[in-house]
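Structure assessment
Below, each chain spelled out in residue letters.
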Amino acid sequence: MRIFNTLTRQKEEFKPVVPGKAGIYVCGPTVYDFIHIGNARPMIVFDTLRRYLEFRGYDVNYVSNFTDVDDKIIRRANEEGKESIEISERFIKECRRDMEALNVRPATTHPQATQEIPDMIEMVQQLIDKGHAYEVNGTVYFRTRSFPGYGKLSHKNIDDLESGHRDEAHQLKVSGEDEKEDSLDFVLWKPMKPGEPFWESPWGKGRPGWHLECSVMSRKYIGGTLDIHAGGEDLIFPHHENEIAQSEAANDATFSNYWMHNGFLKIDNEKMSKSLGNFFTVREICEKYDPQVIRFFMLSAQYRSPLNFSADLIETSRVSLERILNGAEKLAEIIAKENGKEISAEEQRLLDEELPKFVEKFDAAMDDDLNTADAISVLFELVRFTNASTNETSSSAFAKKLYETLFTLSDTVLGIHLTRSKAEISEDEVAKIEALIAERTAAKKEKNFARADEIREELKAMGIEIKDTREGVKWQRI
Ligand code: AMP
Ligand code: ZN
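Quick summary incoming for the structure in this document. (Residues numbered from 1 in each chain as written. Chains lettered and ligands numbered in written order. Predicted model: local features only at pLDDT ≥ 70, side-chain atom pairs only at ≥ 80, totals over all residues. Heavy atoms only, no water.)

1. Some details on the overall build of the chain
As a reminder of what qualifies: Helix and strand assignments follow DSSP, with helices taken as H or I runs no shorter than four residues and strands as E runs no shorter than two, numbered in order from the N terminus. Only protein chains enter the calculation, and the probe is 1.4 Å; a residue is then buried if its accessible area is under 20% of its type maximum, exposed if over 50%, and partly exposed in between. The criterion used for residue contact is that any of the two residues' heavy atoms lie within 4.5 Å.
In terms of regular secondary structure, the chain is built from 16 helices and 14 strands. The dimensions of the chain, computed from C-alpha atoms along their principal axes, are 90 × 50 × 35 Å. In the chain, which comprises 478 residues, the share counted as buried stands at 51%. A separation threshold of at least 6 residues defines the contact pool for the chain, and within that pool the share at least 24 residues apart is 75%.

Following this line, the structure appears as structure tokens:
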């Protein structure tokens with residue numbers, strides 16, 4: 001597999017530290033509110049990376065943190081008159097619920113900063129001992145210029161960064177950081193303020209800085225050198241640059257061999273923000289659309305491209321996904337017949353000669369820096385092929401083989417189920433649909449075809465299409 005590495009700005013062949021294993025660390029959300037639709041992009045994309053590597057036989061150790069101590073959490077706790085931990089625990093639960101809806105598998109480990117404080121203190125101490133960090137009045141700073149590779153990920157020059165801090169003395173006074181040796185230095189450990197959560201440390205009561213968390217937790221749960229570190233592109237600087245400085249200075253080893261960053265999701269071509277009124281949580285969006293459609297939508301673009309979210313585009317994704325689901329349904333119907341027919345010679349030829357071509361093409365797309373957009377095009381081609389090569393006379397055994405391949409690529413690897421989620425239709429609606437279908441069946445028995453047609457139209461107006469089959473009436477959302 002080739003991966004675009006932010007560090008080298010080129011696609012490189014993926015070679016793990018230990019053959020057959022992949023250690024992946026993905027920066028997770030700060031849990032002070034419901035996750036928003038932008039946060040869902042890295043979750044879905046890197047969950048797909050994990051699934052694909054597993055499909056290719058890798059043993060994947062996938063670690064993604066919850067940042068559960070942070071200014072935003074503390075602010076919300078104060079506003080609601082609660083403890084910080086009540087806020088973070090609540091939103092971790094909500095986040096896990098959203099992930100489940102989006103079919104994002106739980107990580108191998110989801111570490112939480114507040115549960116790893118002794119390890120944080122240990123890394124700060126290591127950095128102090130090695131001369132990479134210093135303490136002033138209870139704050140510990142990283143001595144940025146002591147790390148020669150600073151800027152290598154974001155391709156920034158350290159002197160340009162320094163001169164970027166024009167009016168430096170004034171800025172530092174404003175931020176209360178005028179005690180720093182250098183304006184480039186950043187915080188590893190901050191002293192407690194009244195009303196804030198704190199832990200005892202050799203530098204007094206306080207809490208860890210955000211960048212430190214990821215360096216510590218990735219080392220603990222994966223090791224000194226990660227295979228892949230991932231997150232949204234906004235994290236490249238300063239978060240990931242600082243993580244590299246901390247980890248490489250502490251461990252004397254390459255922090256991560258590959259860096260993957262997803263592009264940003266915009267809403268109607270605008271940056272999502274609360275003040276613009278275009279800020280949506282995953283929960284809100286899942287009330288309007290099937291979460292499965294959202295996952296499909298996110299994967300319909302290559303992860304590094306910017307992605308625009310709009311009602312029209314989601315609708316297009318819904319209709320596209322239907323084509324795949326309809327193809328799968330057609331196969332499922334042939335399988336359900338259990339016709340006991342032998343696979344014919346022509347069917348066997350298609351399985352041996354044609355079917356593998358789609359799998360190869362799918363793999364080639366995924367191998368090319370996780371090009372899920374092209375992989376989804378292959379799914380469409382595969383569905384066209386299964387539609388064209390099956391009919392009522394096909395053997396169930398043949399349909400089963402086709403279904404298995406479609407299932408592996410769509411469900412196992414991309415995480416897109418082949419069956420419609422009934423959850424998108426409320427129980428009341430289902431009851432109403434079924435009552436109308438029963439009424440239509442009764443009308444037909446009484447030869448009242450006018451009423452039967454009327455009901456078909458009524459259902460159509462509700463977005464429901466019905467099909468008369470030998471097994472009875474079947475319905476689906478159109
Ligand atoms: P945060 O909670 O802000 O640290 O974000 C958690 C993850 O979501 C990070 O990997 C961010 O880069 C990512 N992220 C935040 N906003 C967006 C967005 N609009 N589009 C894509 N990714 C985003
Ligand atoms: Zn991080």
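This is not the end of the story, as more comes after the structure.
2. Some details on the pairing of strand β2 (residues 10-13)
The following threshold applies: A strand pair is defined by DSSP finding two or more bridges across the two strands.
Of the pairings in the sheet, the one linking strand β1 (residues 2-5) to β2 comprises 4 bridges and is antiparallel in character. Along β2, the bridge assignment pairs asparagine 5 with glutamine 10. Count of turn residues in the β1/β2 antiparallel hairpin: 4 residues, of which arginine 9 carries a positive phi of about 55°.

3. A short note on the pattern of salt bridges
Where charged atoms of side chains with opposite charge meet at close range, the side chains can pair. The cut-off we apply is this: When a carboxyl oxygen of Asp or Glu is within 4 Å of a side-chain nitrogen of Lys or Arg, the pair counts as a salt bridge.
For the structure on display, the rule yields 39 salt bridges. Note that glutamate 54 is salt-bridged to arginine 50, the shortest N-O span being 3.6 Å. Taken as a pair, glutamate 54 and arginine 50 lie in helix α1 (residues 40-55) at a separation of 4 residues, close to a single helical turn. Between lysine 361 and glutamate 381 there is a salt bridge, with the nearest N and O atoms lying 2.9 Å from each other. Taken as a pair, lysine 361 in helix α12 (residues 345-367) and glutamate 381 in helix α13 (residues 372-389) lie far apart in primary sequence, 20 residues in all. Shared partners join several salt bridges into a network, and the residues in it are Glu346, Arg349, Glu353, Glu354 and Lys357.

4. Concerning the side chain of threonine 281
Among the structural elements, threonine 281 can be located in the loop between β11 (265-267) and α9 (282-288). With relative accessibility at 12%, the residue threonine 281 sits in the buried group.

5. Notes on the state of the cysteines
As a reminder of what qualifies: Whenever a pair of cysteine sulfur atoms sits within 2.5 Å, that pair is classed as a disulfide.
Inspection of the entire model under this criterion finds 0 disulfides. Free of any disulfide, cysteine 286 has its nearest cysteine sulfur in cysteine 95, 12 Å distant.

6. A look at the environment of histidine 36
Within the element layout of this structure, histidine 36 appears in the loop between β3 (21-26) and α1. Placed 248 residues apart in sequence, histidine 36 and glutamate 284 show a C-alpha to C-alpha distance of 9.0 Å. If sequence neighbours within four positions are ignored, histidine 36 has contacts with Met272, Phe279, Phe280, Thr281 and Val282.

7. Description of the site of ligand 1
As a reminder, the rule being used: We call a residue near a molecule or strand whenever a single non-hydrogen atom of that residue lies within 4 Å of it. Residue burial considers only the protein chains on display, and all accessible areas are found by Shrake-Rupley using a 1.4 Å probe. Two kinds of site are reported from a 1 Å grid over the protein atoms alone, namely cavities, where a 1.4 Å probe fits but cannot get out, and pockets, open sets with protein on both sides within 12 Å along at least five of seven lines, and residues are called lining when an atom falls within 4 Å of a point. Whether a molecule sits in a cavity or pocket is decided by its atoms, more than half of which must lie within 2 Å of the grid points. Three classes are used, and their members are as follows: Ala, Val, Leu, Ile, Met, Phe, Trp, Tyr, Cys and Pro are nonpolar, Asp, Glu, Lys and Arg are charged, and the others, Gly among them, are polar.
The environment of ligand 1 is formed by 15 residues, the closest being Thr30, Asn39, Gly232, Asp234 and Leu265. Here ligand 1, which alone exposes 490 Å², has 88% of that area covered by the protein. Judged by its atoms lying within 2 Å of the grid points, ligand 1 is housed in the largest pocket. Class assignment of the residues belonging to the shell around ligand 1 gives a composition of 6 nonpolar, 8 polar and 1 charged.

8. Overview of the coordination of the zinc ion (ligand 2)
In plain terms, the rule: With water omitted from the atoms examined, metal sites may look incomplete; donors here are N, O and S atoms no farther than 2.8 Å from the metal, or 3.2 Å in the case of Na, K and Ca. Any coordination sphere not matching a tetrahedral pattern (four donors, all angles between 85 and 135 degrees) or a square planar or octahedral pattern (four or six donors, opposite donors over 155 degrees apart, other angles between 65 and 115) is reported as irregular.
Around the zinc ion (ligand 2), the protein supplies Cys27 (SG), Cys214 (SG), His239 (NE2) and Glu243 (OE) as donor atoms, at distances of 2.0 to 2.4 Å. Relative to the metal, the 4 donor atoms surrounding the zinc ion (ligand 2) lie at angles of 73 to 128°, and the coordination shape comes out irregular. Look at where the donors of the zinc ion (ligand 2) fall in the sequence and you get C-x186-C-x24-H-x3-E. Residue cysteine 27 is located in the loop between β3 and α1, and its partner glutamate 243 is located in helix α8 (residues 236-251); the two are separated by 216 residues in the primary sequence. Accessibility expressed as a relative area gives 12% for cysteine 27, which makes it buried.

9. Here we look at the nonpolar core
Note the threshold: By nonpolar core is meant a set of buried Ala, Val, Leu, Ile, Met, Phe, Trp, Tyr and Cys residues that side-chain atoms within 4.5 Å join together.
Counting residues in hydrophobic clusters, the biggest one holds 83 residues, and the most contacted among them are Ile37, Leu49, Leu53, Ile228 and Met298. Residues within four places of isoleucine 37 in sequence aside, it is in contact with Leu265, Ile267, Met272, Phe280, Thr281, Val282, Ile285, Ile294, Met298 and Phe309. Membership of the second largest hydrophobic core comes to 37 residues, among which are Tyr150, Leu153, Phe186 and Leu226.

10. With respect to the sheet that holds strand β4 (residues 59-64)
Convention followed: Here an axis means a line fitted to C-alpha atoms, over the contact stretch when the element is a helix, while the angle between two N-to-C directions is reported on a 0 to 180 degree scale.
Read across the sheet, 4 strands follow the order β4-β3-β9-β10 without closing on themselves; strand pairing throughout is parallel. Edge positions in the sheet fall to β4 and β10 (256-262), since each of these pairs with one other strand and no more. If you compare each strand with its neighbour and ignore which way they point, the axes differ by 20° on average. By the bridge criterion, 6 bridges tie β3 to β4 in an arrangement that is parallel. Looking at the pairing, alanine 22 lines up with valine 60 of β4. Each of β3, β4, β9 (226-232) and β10 touches α1; the most contacted strand, β4, lies at about 165° to it.

11. Quick word on the layout of surface pockets
This is how the line gets drawn: Grid points are joined across faces, edges and corners, and a volume is the space filled by probe spheres set on the points.
By volume, the largest pocket amounts to about 1,100 Å³. The wall of the largest pocket is formed by 46 residues, among which Pro29, Thr30, His36, Asn39 and Asp234 lie closest to the centre. Listed by contribution, the elements that provide at least two residues to the lining of the largest pocket are α1, β4, α2 (71-80), α7 (210-221), β9 and β11.

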